[in-house]
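What follows is the residue order along each chain.
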Amino acid sequence: MARESPAIAAPADHAAGATAIGHTLRMARRGMGARRTALTLLRVNQPTGFDCPGCAWPEPDKPHLAEFCENGAKAVAEEATTRRVGPAFFAAHPLSDLEHRSGYWLGRQGRLTEPAYRAPGADRYVPVGWDEAFDIIAEELNALDSPDEALFYTSGRTSNEAAFLYQLFVREFGTNNLPDCSNMCHESSGSALVETLGVGKGSVSLEDLHRTDLIIVAGQNPGTNHPRMLSALERAKAGGARIISINPLPEAGLMAFRNPQTVRGLVGGGTSLTDLFLRIRIGGDQALFRMLNRRLLETPGAVDEEFVREHTHGFEDFAAAARDADRAETLAATGLTTEEIDEALRMVLAADRIVVCWAMGLTQHRHSVPTIREVVNFLLLRGNVGRPGAGVCPVRGHSNVQGDRTMGIWERPPEWFLDALEREFGFAPPREPGTDTVEAIRALRDGRAKVFVGMGGNFVSASPDTAVTEAAMRRARLTVQVSTKLNRSHVVTGERALILPALGRTDRDERGTGPQFVTVEDSMGQVHASRGRLNPPGPLVRSEPAIVCGLARRVLGPRSATPWEAFAEDYRLIRERIERVIPGFEDFEERVGRRGGFSLPHAPRDERRFPTATGKANFTAAPVEWPRVPEGRLLLQTLRSHDQYNTTIYGMDDRYRGVRGGRRVVLVNPEDAAALGFADGDRVDLVGEWSDGARRVAPDFGLVHYPTARGCAAAYYPETNVLVPLDSTAEGSNTPTSKSVVIRLTPTGS
């Protein structure tokens, strides 16, 4: 591994603007060329175009001509690239070469064009026909002692149609082993929201954000991860809303926004977004919201007593716990001052309508579920659920990750869903819970799982405890990756391996019955169509629905009465079955044909009805927790750079944080660095500490002075996933604790 020497400058004080446009166009032209760039980008997130393969932020009712952000354009350019990976590439690059290549290099090689097979003991992939590929998978699956020895992973990019077919095939095969990327990111949100509100999704629309009085953004960096959200925040500010940002380090996208869609934004004028920035210690959010709740209880008239009486359960136990919130403990957990908390309270009391947004900064800690439940407590106290301009807003990080769960991609499906499948398709689905992502790795590691099928994504790089994950994958008898481009998961394989090339969002999908479209669900429960227009990268590339149908027919054979061939040729038939199985999809075909699609029902939002065990919204009263870090250690959060989306690396810069030309950097508060005996620019190894005593090291990082909260550090994943212990997970959701990793710094090579 060659040493990186990135250039370090001061962090940016705003997001977007003319610089973002220039960077976007350079990246797009590099991957697609000028003409293809213009034709493709103008169709992103348009009513008759395709859904961005990046984040799940919803489209406005009246989209701009250029309804995409910088990182969305990068995602499109990666998928619509003119580069190709076919037999000649694999002939020139054996696995012994590819395993030493970076994820950035692998991703830049281009689109996959033909199925490829790695035989047992072979050092390279060779071309294979689709029929032979399906035969190999069927041979391995049907030779298992139990269907539960197979794992079927799903990435959030999969369409509703493909996801529905995939879970149907897997359950007809006989297992609920459907781990997905939600297990690693927003599972804590779903767990907390189902328990407290009865629905594991956000309760707000874009219009709610536009008309609210106060937006609290906690543990989220929209400037990099959901850039189109900045336009919604700007509009909210124009309507009089105020914004509190809660994060361990300042982010340019929450400081100011120069809207590239406006002349003012292009010439350097911008909108100041954050009214109060709370630089909280990592994992201190539960303590902060608990103290705010105590203060609200102490303030006459602050509690919406009618709402609490009519619509909630468990208030007395919650209130007793909240009144016991300790001021000194809160300051220690949060690193904030009394004055900062007082100012936050004043802003809360001045707001009639409040929306709380969050992302993985809240979901990837051991105490994430009670933290999000405390956020719900905060909103319930003032009746801020189920009325316009107020509610919960977990911001999902991958296009259609929410739709996948709606379609049944879940290892713990509800009984009503399984009952509906049984009625519709005439088979008895398995009822025992399957494995989530963490348990899937354990099953491979321990030899309890023998076949891994990945529908999109980059499982190896996205998962925690990299060395453990890679060793587990190599124990499989067969690994299968349905993909558009190369990534690390194609290099770290089982004894046998297959790569099945799939169409992307940008590609035209022609079947025997004519051109097809698919549908997706955004972060706010809006379902709409997606239609690619580009020529497929090769004649042998198939759509994900066609791949699933071909695989299901070969594996299940005559024991399945499902019309797989018909589904593969006409996606309307798939949507007819979705309509009959899943509530909210009535008149699916007609409604999705409308401009903007349609909104799925949400009982708390639409009716102030809470489908929980108590029939009401539930207050909760968990003990306050936060990560305790031994002397001489730091608490590390893993994060993305600005040239990155999930595990896909678009470039080696993080423009907003002032890092250019490298990724192996660790951001440390200058006072912490001095106390630990390190100077700005020192080379350090990041050594993880966990109760199992295993040695976990991310070597040779450049230390960068950065205004993080004291005691905290930050570095990019997937480079630091090696430090996240497989068994360190959130209670109640089993999500890896990637935002609270205890590390120590040592001089590189010591």
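Residues numbered from 1 in each chain as written. Predicted model: local features only at pLDDT ≥ 70, side-chain atom pairs only at ≥ 80, totals over all residues. Heavy atoms only, no water.

(A) Molecular detail of the overall build of the protein. Counting its secondary structure elements, the protein contains 32 helices and 33 strands. Within the protein, the fraction of its 750 residues that count as buried is 64%. Of all intrachain contacts in the protein linking residues separated by at least 6 positions in sequence, the fraction that spans at least 24 positions is 79%. Looking at the protein as shown, the accessible area adds up to about 25,900 Å², and 50% of this sits on carbon and sulfur atoms. (Helix = DSSP H or I, 4+ residues; strand = E, 2+ residues; numbered from the N terminus. Buried < 20%, exposed > 50% of the residue type's maximum accessible area, 1.4 Å probe, protein only. Contact = heavy atoms within 4.5 Å. Areas by Shrake-Rupley, 256 points an atom, 1.4 Å probe, with all protein chains shown as cover.)

(B) Region of interest: the state of the cysteines. Under the defined criterion, the tally for this structure stands at 0 disulfides. In this model Cys-357 remains outside any disulfide bridge; the closest cysteine sulfur is found in Cys-393, 3.7 Å from its own. (Disulfide = S-S within 2.5 Å.)

(C) Structural view of empty space enclosed by the protein. Evaluation of the coordinates by the stated rule reveals 8 cavities of 30 Å³ or more. Within this model, the largest cavity holds a volume of roughly 210 Å³. Class assignment of the residues belonging to the lining of the largest cavity gives a composition of 5 nonpolar, 6 polar and 6 charged. (1 Å grid on protein atoms, 1.4 Å probe; cavity = no way out; pocket = protein on both sides within 12 Å on 5 of 7 lines; lining within 4 Å. Points joined across faces, edges and corners; volume = space filled by probe spheres on them. Nonpolar A, V, L, I, M, F, W, Y, C, P; charged D, E, K, R; others polar.)

(D) Broad picture of helix 18 (residues 327–334). Residues Thr-330, Ala-333 and Thr-334 constitute the buried set of helix 18. Seen from one end, helix 18 has its buried residues packed into an arc of 85 degrees, which puts them on one side. Its buried side turned inward, helix 18 meets strand 12 (276–279), helix 15 (285–298) and helix 19 (338–349). One or two residues past the end of helix 18 sits Gly-335, with phi positive at roughly 75 degrees. (Arc of directions from axis to C-beta.)

(E) View of a negative patch on the surface. On the surface, a cluster of negative charge is contributed by Glu-576, Glu-579, Glu-586 and Asp-587. By the secondary structure assignment, Glu-576 is in helix 29 (residues 571–581). (Patch = residues over 30% accessible without salt bridge, like charges linked within 9 Å, V, L, I, M, F, W, Y side chains within 5 Å. Salt bridge = Lys/Arg side-chain N within 4 Å of Asp/Glu carboxyl O. Lys, Arg positive; Asp, Glu negative; His and termini not counted. Charge placed at Lys NZ, Arg CZ, Asp CG, Glu CD.)

(F) Seen up close, the environment of Asn-293. You can see Asn-293 is positioned in helix 15. Considering only alpha carbons, one finds Asn-293 and Thr-175, 118 residues apart in sequence, at a separation of 43 Å. Setting aside residues up to four positions removed in sequence, Asn-293 forms contacts with Phe-318, Ala-322, Glu-374, Asn-377, Phe-378 and Leu-381.

(G) The arrangement of the sheet that holds strand 18 (residues 496–501) in detail. The 6 strands lie next to each other as 6-5-18-17-16-7, forming an open sheet whose pairing is mixed. Each having just a single partner strand, strand 6 (126–127) and strand 7 (150–154) make up the two edges of the open sheet. The sheet contact formed by strand 5 (residues 116–118) and strand 18 spans 3 bridges and is antiparallel. Across the sheet, Arg-118 pairs through a bridge with Ala-497, a residue of strand 18. In the packing of helix 7 (residues 130–142) onto the sheet, contacts are made with strand 5, strand 7, strand 16 (451–455), strand 17 (478–483) and strand 18, and the angle to strand 18 comes to roughly 135 degrees. (Pairing = 2+ DSSP bridges. Axes fitted to C-alpha atoms, helices over the stretch in contact; angles between N-to-C directions.)

(H) Here's a closer look at helix 24 (residues 437–445). Along helix 24, 7 of the 9 residues are buried, which leaves the element largely enclosed by surrounding structure. All buried positions along helix 24 are accounted for by Thr-437, Val-438, Ala-440, Ile-441, Arg-442, Ala-443 and Leu-444. For helix 24, the elements touching its buried residues are strand 7, strand 16, helix 25 (459–462) and helix 26 (466–474). Where helix 24 begins, the capping side chain belongs to Asp-436, and its oxygen is found 3.4 Å from the backbone nitrogen of Val-438. The first or second residue beyond helix 24 is Gly-447, which carries a positive phi of 80 degrees. (Polar contact = N/O pair within 3.5 Å; in protein donor to acceptor, adjacent residues only side chain to side chain.)

(I) Layout of the packing of aromatic side chains. Counted according to the given criterion, the structure contains 21 aromatic pairs. Arranged with centres 5.8 Å apart and planes meeting at 80 degrees, the rings of Trp-416 and Phe-417 form a pair that is edge-to-face. Note on Phe-417: relative accessible area 3%, which makes it buried. Geometry around Trp-105 places Arg-101 over its ring, the cationic atom sitting 4.1 Å from the centre. For the cation-ring pair, Arg-531 lies above Phe-517, with the distance from its terminal atom to the ring centre recorded as 4.6 Å. (Phe/Tyr/Trp six-rings, centres within 6.5 Å; stacked < 30°, edge-to-face > 60°. Lys NZ or Arg CZ within 6 Å of the ring centre and 35° of its normal.)

(J) A look at the sheet that holds strand 23 (residues 598–599). Spatial ordering of the open sheet is given by 21-22-23, a layout of 3 strands whose pairing is antiparallel. At either end of the open sheet lies a strand with only one pairing partner, and these are strand 21 (518–521) and strand 23. Judged from the 4 bridges that link them, strand 21 and strand 22 (residues 526–530) form a sheet pairing that is antiparallel. By the bridge assignment for strand 22, Val-518 is matched with Ser-530. Packed on one face of the sheet, helix 8 (residues 160–173) meets strand 21 and strand 22 and runs near 90 degrees to strand 21.

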